[in-house]
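Residues per chain are reported as follows:
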Amino acid sequence: MELEHLDEDRWTDIHTFRYTGLRFDPRTGVAEFDYLQQGSNQELAFTDVIIFPLPDKLPNAAELSAFRRALELLYVAVGTIYYKAVAPPSVSLESLALAPAAARWTHQLYRRGLAEFAYRWTLPHVLELEPVIGSAAAEAEHRDLAATDRAPVVAIGGGKDSIVSLEALRAAGFAPATFAVEREITPLLSRMMALGGGPGLLIRRRQDPRMTELLRSNSVRIGHVPVTAINSLAGVTAAALHGLGPVVMSNERSADEGNLVWHGHQVNHQWSKGVAAEALLSDALSEHAGLGNACFSLLRGMSELSIARLFASTTGYDELVTSCNYAFRMSHQERSERWCNNCAKCRFVFLALAPFTDRARLVGIFGEDLLDDDRHLDGYRELLGLTGHKPFECVGELAESRVAATLVAHDPAWAGSRVVGELTWEMPAPDEQSTEEVLAVHPPRFAPPRYVAALRAFIAQGCGVPARL
């Protein structure tokens, strides 16, 4: 959301955003990232702090080298948070030596990962940024993490997607470690992370207090950043420090659908979750850190609806699952309220689960029946493409929302639902082919074979149909 009272003239002297220093203390697990907004007469210096849980013993020299290289990529990604404060026309990473693939990823991280931010603040120059990179990095020693017996590390955010990945790996005999990037652990998240069978890694991040104060006083810009890239790299870095295997994300194929086109560029709230971002990051990690198969999405070939169907087949998570960003922020300490029930994401997740979940069970998960409340009509019209554009949230494709609404409309269990009843006549019904395409499961593009096999078996078990993988 834009800040209405931002003083646009306050930082006009600042012309360059610089990466000025990176430090890591192996005794404490503390990494410090330094950044500078630089002008002729003005400067803003920031230091971001990330605290990694320490392993029982430090990694060997080769592992430590890979860790430090991965840490450099995390340093690059976190920089987007501080760049957007002023968003000057120049970005300098001359202090860093990056492999060519890492340099390509950096350019797209800024241009595409900050496209929504640029659109909201009307800053078209962000879409054409040319970050200046230092000299090319020396080639790193290469290791294929999927070729080892090291436990995979599943990213846990509390939502249905990470639950499906975790359960699929557990059912296949893995004992996955888990990780989360949080200020503090919460009771619900702690319980979910403990279900993996391996260690739970809590990675703590502390934003520079000056940045927090400037945001509070509406003195700098707030906006969406490529958070999935940041979290993915935090996981890879922690896994390297602990001698663990690949980081398993749970990004679905629906993330590739953009929200709108602006200045000839697609603006996609979920760009850093998409397949293009996954490919760029995979190449960067392989070439810069020497880590092959370091991070991939297990659910890349699935739609949100297919994932919802798999989640509905699980048990034991109804009191834990949460996918609401607003409730996440409002009740961080206890998170007793898991859903705000008033945002696009809550509405979409409810609709996605409705065709596959007993109505009473679903209402029990959310605490309300969102499809039987007229207050949600306009919100569902947006999700169905009847008004406006696709919401800037992590929601599924337009086609998915329409398929889900049609399935619910034909389900006697949802008879009398006021929202569905009102919208059915407004919405063009999807044909049978569209429904099949939405529910089809394709191979995850970057997942190694034994992980694909684990997902295939879990789909057959959970949905009662063979997976076409």
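What comes next is a walk through the structure. (Residues numbered from 1 in each chain as written. Predicted model: local features only at pLDDT ≥ 70, side-chain atom pairs only at ≥ 80, totals over all residues. Heavy atoms only, no water.)

**Points about the overall build of the chain**
A count of helices and strands for the chain gives 17 helices and 14 strands. The C-alpha radius of gyration computed for the chain amounts to 22 Å, which stays within 12% of the reference 23 Å derived for 469 residues, consistent with globular compactness. Taken along its principal axes, the extent of the C-alpha atoms in the chain is 65 × 55 × 40 Å. For the chain, the proportion of its 469 residues judged to be buried stands at 58%. (Helix = DSSP H or I, 4+ residues; strand = E, 2+ residues; numbered from the N terminus. Rg over C-alpha atoms; globule rule 2.2 N^0.38 Å. Buried < 20%, exposed > 50% of the residue type's maximum accessible area, 1.4 Å probe, protein only.)

**A closer look at the packing of aromatic side chains**
One pass over the full model with this rule turns up 20 aromatic pairs. Ring centres 5.9 Å apart and planes at 75° place the aromatic pair F17 and Y83 in the edge-to-face group. Taken together, the residues span a long stretch of sequence, with F17 in strand β1 (residues 14–25) and Y83 in helix α1 (residues 61–83) at a distance of 66 residues. For the pair F17 and Y83, a shared accessibility class is recorded, and that class is buried. Three or more aromatic residues joined by ring pairs make a cluster, and in this case those are F17, Y19, F33, Y35, F46, Y75, Y82, Y83 and Y110. R221 extends its terminal NZ or CZ atom over the ring of W121, reaching a point 5.4 Å from the ring centre. (Phe/Tyr/Trp six-rings, centres within 6.5 Å; stacked < 30°, edge-to-face > 60°. Lys NZ or Arg CZ within 6 Å of the ring centre and 35° of its normal.)

**Thoughts on helix α7 (residues 227–242)**
Counting along an α-helix, one turn takes 3.6 residues, and residues three or four places apart therefore face a common direction. Here α7 is 16 residues long and its end C-alpha atoms lie 23 Å apart, about the 22 Å a rise of 1.5 Å per residue gives. Burial analysis of α7 places 13 of its 16 residues in the buried class, which makes it a mostly covered element. Positive phi shows up at G243, right after α7, with a value of about 65°. (Expected span 1.5 Å × (residues − 1).)

**Some details on the pattern of salt bridges**
If you walk through the whole model with that rule in mind, you get 22 salt bridges. Notably, a salt bridge pairs D48 with R205, separated by 2.8 Å at the nearest N-O pair. With D48 in strand β3 (residues 43–51) and R205 in strand β9 (residues 200–206), this residue pair connects regions lying 157 residues apart in the sequence. Residue D48 is classed as buried on the basis of its relative accessible area of 0%. Note that R150 is salt-bridged to E63, the shortest N-O span being 2.6 Å. On the criterion of sequence distance, the pair formed by R150 in the loop between β6 (143–144) and β7 (153–155) and E63 in helix α1 is long-range, its members being 87 residues apart. (Salt bridge = Lys/Arg side-chain N within 4 Å of Asp/Glu carboxyl O.)

**Things to note about the nonpolar core**
The biggest cluster of nonpolar side chains holds 84 residues, and the ones touching the most others in it are Y19, F33, F52, L74, V78, Y83 and W105. Here this core gets 13 residues from one element, more than from any other, and that element is α1. Contact partners of V78, with chain neighbours within four places excluded, come to F33, Y35, D48, I50, R205 and I230. Ranked by size, the runner-up nonpolar core spans 67 residues in total, among them L298, L305, F348 and A447. (Core = buried A, V, L, I, M, F, W, Y, C linked by side-chain atoms within 4.5 Å. Contact = heavy atoms within 4.5 Å.)

**Some points on empty space enclosed by the protein**
Scanning the entire structure with this criterion turns up 3 cavities of 30 Å³ or more. Of the voids in this model, the largest cavity is the one considered here, and its volume is about 130 Å³. Considering the residues around the largest cavity, the lining is formed by 17 residues, among which S232, S272, A277, E278 and L281 are closest to the centre. Only α7, α8 (275–289) and β14 (295–297) provide two or more residues apiece to the lining of the largest cavity. Looking at side-chain class alone, the lining of the largest cavity contains 7 nonpolar, 7 polar and 3 charged residues. Around the second largest cavity, the lining residues are L351, L371, Y380, L384, A405, T406, A409, V419, V420, L423, T424 and M427. Secondary structure elements with two or more residues in the lining of the second largest cavity: α14 (398–409) and α15 (418–424). Per-element accounting of the lining of the second largest cavity gives the leading share, 4 residues, to α15. Residues of the lining of the second largest cavity, tallied by class, amount to 10 nonpolar, 2 polar and no charged. (1 Å grid on protein atoms, 1.4 Å probe; cavity = no way out; pocket = protein on both sides within 12 Å on 5 of 7 lines; lining within 4 Å. Points joined across faces, edges and corners; volume = space filled by probe spheres on them. Nonpolar A, V, L, I, M, F, W, Y, C, P; charged D, E, K, R; others polar.)

**Quick word on the state of the cysteines**
This structure, assessed with the given rule, holds 0 disulfides. With no disulfide of its own, C343 lies closest to C340 among cysteine sulfurs, the gap being 3.6 Å. (Disulfide = S-S within 2.5 Å.)

**Some remarks on a negative patch on the surface**
Judged by side-chain charge, D431, E432, E436 and E437 come together as a negatively charged surface patch. Tracing the backbone shows E436 in helix α16 (residues 432–439). (Patch = residues over 30% accessible without salt bridge, like charges linked within 9 Å, V, L, I, M, F, W, Y side chains within 5 Å. Areas by Shrake-Rupley, 256 points an atom, 1.4 Å probe, with all protein chains shown as cover. Lys, Arg positive; Asp, Glu negative; His and termini not counted. Charge placed at Lys NZ, Arg CZ, Asp CG, Glu CD.)

**Describing the pairing of β1**
In terms of strand pairing, β1 meets strand β2 (residues 30–39) through 10 bridges, oriented antiparallel. Considered in β2, the bridge of G21 is made with D34. Hairpin connection of β1 to β2: 4 residues between the antiparallel strands, including G29 at a positive phi of 80°. Note that β1 and strand β4 (residues 90–93) share 3 bridges and pair parallel. Counted as the bridge partner of F17 is V91 from β4. (Pairing = 2+ DSSP bridges.)

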